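Topology and contacts: notes
Residue-level listing of the chains:
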Amino acid sequence: MHIDITLKQVIERANDMESRLAWQEDWLERLDETLIAQNATIERLERLCNLMAQRLGEQRESLESMQSDSAHERPPHY
């Protein structure tokens, strides 16, 4: 089977492929920017979560310390 493709058809297909390639490059660039922004957000949230866990641990230690101090004190009615 012989395929008869004219120069015009080849040019049209090449133009179509160039257009698709440009669209895909733009799409990939936007996707890359979105991933970079999401990564920055995730890193910020991880730092915040770690800070909150640290502060919660400090508060727990403080509360436990206050409770153990209270357990060793003589009640006021003695």
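The paragraphs below set out a description of the structure included in this document. (Residues numbered from 1 in each chain as written. Predicted model: local features only at pLDDT ≥ 70, side-chain atom pairs only at ≥ 80, totals over all residues. Heavy atoms only, no water.)

Of the regular secondary structure elements, the protein holds one helix and zero strands. Burial statistics for the protein: of 78 residues in total, 1% are counted as buried. A total of about 7900 Å² of accessible surface is found on the protein, and carbon and sulfur atoms cover 56% of it. (Helix = DSSP H or I, 4+ residues; strand = E, 2+ residues; numbered from the N terminus. Buried < 20%, exposed > 50% of the residue type's maximum accessible area, 1.4 Å probe, protein only. Areas by Shrake-Rupley, 256 points an atom, 1.4 Å probe, with all protein chains shown as cover.)

A few words on the pattern of salt bridges. When charged atoms on two side chains of opposite charge get close, those side chains can pair. Under the criterion given, the structure shown has two salt bridges. In this structure, Asp16 and Arg20 form a salt bridge, with 3.4 Å as the shortest nitrogen-oxygen distance. Within this pair, Asp16 and its partner Arg20 are both found in helix H1 (residues 7–72), separated by four residues, close to a single helical turn. (Salt bridge = Lys/Arg side-chain N within 4 Å of Asp/Glu carboxyl O.)

So, about the packing of aromatic side chains. Scanning all chains against the criterion turns up one aromatic pair. Ring plane angle 15 degrees and centroid distance 6.5 Å describe the contact between Trp23 and Trp27, whose orientation is recorded as stacked. Remark: Trp27 and Trp23 occur in helix H1; sequence separation between them is four residues, near one turn of the helix. Taking the relative accessible area as the measure of exposure, Trp27 reaches 46% and is therefore partly exposed. (Phe/Tyr/Trp six-rings, centres within 6.5 Å; stacked < 30°, edge-to-face > 60°.)

On the surface, Glu25, Glu29, Asp32 and Glu33 cluster together to form a negatively charged patch. Inspection of the secondary structure assignment puts Glu33 in helix H1. (Patch = residues over 30% accessible without salt bridge, like charges linked within 9 Å, V, L, I, M, F, W, Y side chains within 5 Å. Lys, Arg positive; Asp, Glu negative; His and termini not counted. Charge placed at Lys NZ, Arg CZ, Asp CG, Glu CD.)

With that settled, consider a nonpolar patch on the surface. On the surface, Trp23, Trp27, Leu28, Leu31 and Leu35 cluster together into a nonpolar patch covering about 550 Å² of accessible area. As for its placement among the helices and strands, Leu31 is situated in helix H1.

Purely geometric numbers; function is a separate question.
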